[in-house]
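# Structure at a glance
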Amino acid sequence: MLIGVSDYQDPSFPQVPAAEKSLRGVQRMLVDEELGGWSDEQVTPISNPVDCRRVMSELRRLAQGTSGVLLLYFVGHGTVTMTGDLVLAVSDTVADEPDVTGLEYSKIRSALLGSPAKVKAVVLDCCYSGRAIDVLAGGRQDLADIADIRGTYTLTAADHLAHAGQADTCTAFTRELLGLIGTGVAGGPPVLTFAELYPHLRQRLIARNLPHPNQRGTDTADKCPVARNVSDKLSKTGHGRNAKDVSAARQEATYAPIPSTTVEQPPPHRASIPDVAQQPPKPVAPFTISWTGKDPLSTYTDSSGKGCLAGLAKVVLGVTAPGVFMPLLLHRIKFGTGQDNGWFAWFLVSSVFGLFAIGILLWLPRVTHRLRTSGWSLHIGPQGIVTTDTTGRREYHWNHVQGVTIAEISDGGFNLYQYTGLHAQFAIDAAHSAPSRPAGWPPSHPGKIAVRKSGLVPVCALGPMTAHQRAELKVVLKKYAGNLYHEAPTQPMSNLVSVGGGNILAVDQSGNLWRYSAPNYYDSERTRVGTGWSVMKRLVAVGNSAGDILAIDRSGNMYRYYGPNYYGSQRTQVGAGWDSMTQVTAAGDGSADILAVDGSGKLFRYYAPDYFGSQRKQIGFGWNAMNTIVGVSDISGSGSADILAVDGSGKLIRYYAPDYFGSQRKQIGFGWNAMTNLVAIPGIGTTDLLATNATTKIMYRYSGPTYSGTQRKQISTGW
């Protein structure tokens, strides 16, 4: 049963023209003799259905009459009820009453329970589809592994917002799924199962910066055949066939394919490393907090600005007091007769500064009271974010939010307090809902809030909050916002290196080594893979599929650490004397060679796997004028990697392989002396660049090969 909903009657649900094309694409793939091999009678497509009761009745009828494989595919809008349950929206679903007018997934689960089918497979291409994982699991993680629904497999497009795609194409998730089936898996089995498809599908979606899919299977349902593997046939017939020799399903399935990549396996668990991703128990109720406006401002926010200003005023007052009273006590000032040996000038200057200090001390309580006089409230639940204050009530539905985080904001120019704000990034069609100022913002400073370049808008100035309340807020955001919520690193990071698939390693100030997952590099998704790395002066990615790295300690010894675990007990020393090198980077061409600049400015290429000095090759000189070098993918067609370099004036220059002549270099940017932690990561057909602003600690992703500031994308803050 294939359900596609592209036309919605409720204006709260935007039209999804790509859903119709996705529905037909999946149908053609299933009935194609070269791919799915289903008969036309076995496939029931339903386009733009109305009346959820009729749809459920049809699903139950098909479920009861199926004994082999029962497949349900849905593409369209997904939403959630006030209790957090997933609802699939049909054409006449009302956004305010989804549980009454939509397909509740709990009812779909009941239909699956009553089916005699040996395998029940569900593929959901909609927002919030990841919640179906928990529904089929009965609300508990371990229920998916017992006989609740035997032989059930669920594949979902996203935990939160899915990517709709363009009107003339399939939705992003379905397009990648059909593209994978249409091109096949090189070296894979003759028949592709869900288990075989999922890791490659996930890799394709991550490569395009699309939402991550999810899967869950019971028994051996993930071994259910989906389509024939046509990879071998494609390689034998070549790409020069006539269009008439290729079925319509194959033509659509092979739309915009991504070159096949090696799928990385997750690192094995190491008992000695704590599970830092484990979260405290999730609260059963949504998060709600309110503030009356009468509580002391200093109970919830940083008041160091006020303290510094008050302290300075007290110091000035203490210094000037003797200048005012001593001349009077010594009778050195005779009013009406002018100054006496300079004492009058001392008295006058001290009086001016003293009165100024007294004025500041009297002004501070008044202005800080004006900073916070009104009450406010914040509510986080399954539907979204709700705030109230003197300006009214604002609602931000999760459908209209693309990201949410907690970050610091300014107090509007006084710099007396540092506010903690809940920030949201809105979808394009919901930009009008962005507030002029967040709830709880000082009423005396309207209009001071502006949308950041990243699109993040503060929606609530938080407080007063205890440490427990802050922790509970983060847990609720992770529960209801899902992948939309992210945390910035808690402390600045250094020694960033890329270790394959766009993932990076970074060392914090405590010497912990963390692996951050692409494409978002959120704190909530990182994994600690080592401690004691503060002794390492520089990390260099080797560039192999295992994600090995080279590390140079402060004594100049170079070690090779083997990925993905980077155990110190298994490292191998591969050199010494590397403290004489001012710059070291990966070659960037997949050879595992490295590039290094010595103290005299000579550029050398060191060959893997030994990096012997006797086998190195000098490829340039005068490179001590460069502050940073990064090896990137080949663009000149020479077969070797190019080099990006930042000179002392902040110019970003691309040096073309294989000679890296200064006469052939090309400037492609400026102002890069403000950036640090440059890391080359895989892009789509090129190499992208991660870079952190040294002042703001904001990390950006620059798209290659131009690395233009106008096309950069903010990743997160706190780096």
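Residues numbered from 1 in each chain as written. Predicted model: local features only at pLDDT ≥ 70, side-chain atom pairs only at ≥ 80, totals over all residues. Heavy atoms only, no water.

## Structural notes on the overall build of the protein
Secondary structure summary: the protein contains 12 helices and 38 strands in total. The 719 residues of the protein split such that 50% are buried. Restricting the contact set of the protein to residue pairs at least 6 apart, pairs at least 24 apart contribute 58%. Working note: accessible area of the protein is about 32700 Å², and carbon and sulfur atoms make up 53% of it. (Helix = DSSP H or I, 4+ residues; strand = E, 2+ residues; numbered from the N terminus. Buried < 20%, exposed > 50% of the residue type's maximum accessible area, 1.4 Å probe, protein only. Contact = heavy atoms within 4.5 Å. Areas by Shrake-Rupley, 256 points an atom, 1.4 Å probe, with all protein chains shown as cover.)

## Some words on the sheet that holds strand β14 (residues 384–389)
Pairing within the open sheet is antiparallel, and its 4 strands lie in the order β12-β13-β14-β15. The sheet is open, and its two borders are formed by β12 (287–291) and β15 (392–397), each paired with just one other strand. Each strand of the sheet is rotated relative to its neighbour by a mean of 10°, with strand direction disregarded. Where β14 and β15 come together, 6 bridges link them in antiparallel fashion. The residue of β15 that forms the bridge with T388 is R393. (Pairing = 2+ DSSP bridges. Axes fitted to C-alpha atoms, helices over the stretch in contact; angles between N-to-C directions.)

## Side note on a negative patch on the surface
Together, D85, D96, E97 and D99 make up a region of like negative charge exposed at the surface. Counting through the fold element by element, E97 comes out in the loop between β5 (86–88) and α3 (98–101). (Patch = residues over 30% accessible without salt bridge, like charges linked within 9 Å, V, L, I, M, F, W, Y side chains within 5 Å. Salt bridge = Lys/Arg side-chain N within 4 Å of Asp/Glu carboxyl O. Lys, Arg positive; Asp, Glu negative; His and termini not counted. Charge placed at Lys NZ, Arg CZ, Asp CG, Glu CD.)

## Thoughts on the sheet that holds strand β19 (residues 494–498)
With antiparallel pairing, the 4 strands of this open sheet are ordered in space as β19-β20-β21-β22. Each of the sheet's edge strands pairs with one partner strand only, and the pair in question is β19 and β22 (527–530). Each strand of the sheet is rotated relative to its neighbour by a mean of 30°, with strand direction disregarded. Bridge count for strand β21 (residues 513–516) against β22 is 3 bridges, and the pairing is antiparallel. Of the residues in β22, the one forming a bridge with R515 is T527.

## A closer look at the nonpolar core
Within the largest apolar cluster, 66 residues are counted, with the highest numbers of intra-cluster contacts made by L88 and L103. One finds W291, A424, F426 and V459 within the second-largest nonpolar core, a separate group that totals 26 residues. (Core = buried A, V, L, I, M, F, W, Y, C linked by side-chain atoms within 4.5 Å.)

## Observations concerning the environment of I643
Along the chain, the position of I643 falls in strand β32 (residues 642–647). Accessibility expressed as a relative area gives 0% for I643, which makes it buried. With 14 residues separating them in the primary sequence, I643 and A657 have C-alpha atoms 7.6 Å apart. Among all residues touching I643, those that are not within four sequence positions of it are L595, L603, W623, I629, V630, V632, I653, R654, Y655 and Y660.

## Focus on the pairing of strand β29 (residues 603–606)
What you see with β29 is no split at all: L603 and R605 on one side and F604 and Y606 on the other are buried throughout. One ladder, built from 4 bridges, connects strand β28 (residues 594–598) with β29; its direction is antiparallel. Paired with L595 across the two strands is R605, which belongs to β29. Summarising the sheet, β29 and strand β30 (residues 617–620) pair through 3 bridges and their orientation is antiparallel. Counterpart to L603 in the pairing with β30 is G620.

## Section: the pattern of salt bridges
Under the defined criterion, the tally for this structure stands at 11 salt bridges. Salt-bridge contacts for R560 lead to D548; the nearest nitrogen and oxygen are separated by 3.2 Å. Of this pair, R560 sits in strand β25 (residues 558–561) while D548 sits in the loop between β23 (536–541) and β24 (549–553), and the two are 12 residues apart along the sequence. Each member of the pair R560 and D548 is classed as buried.

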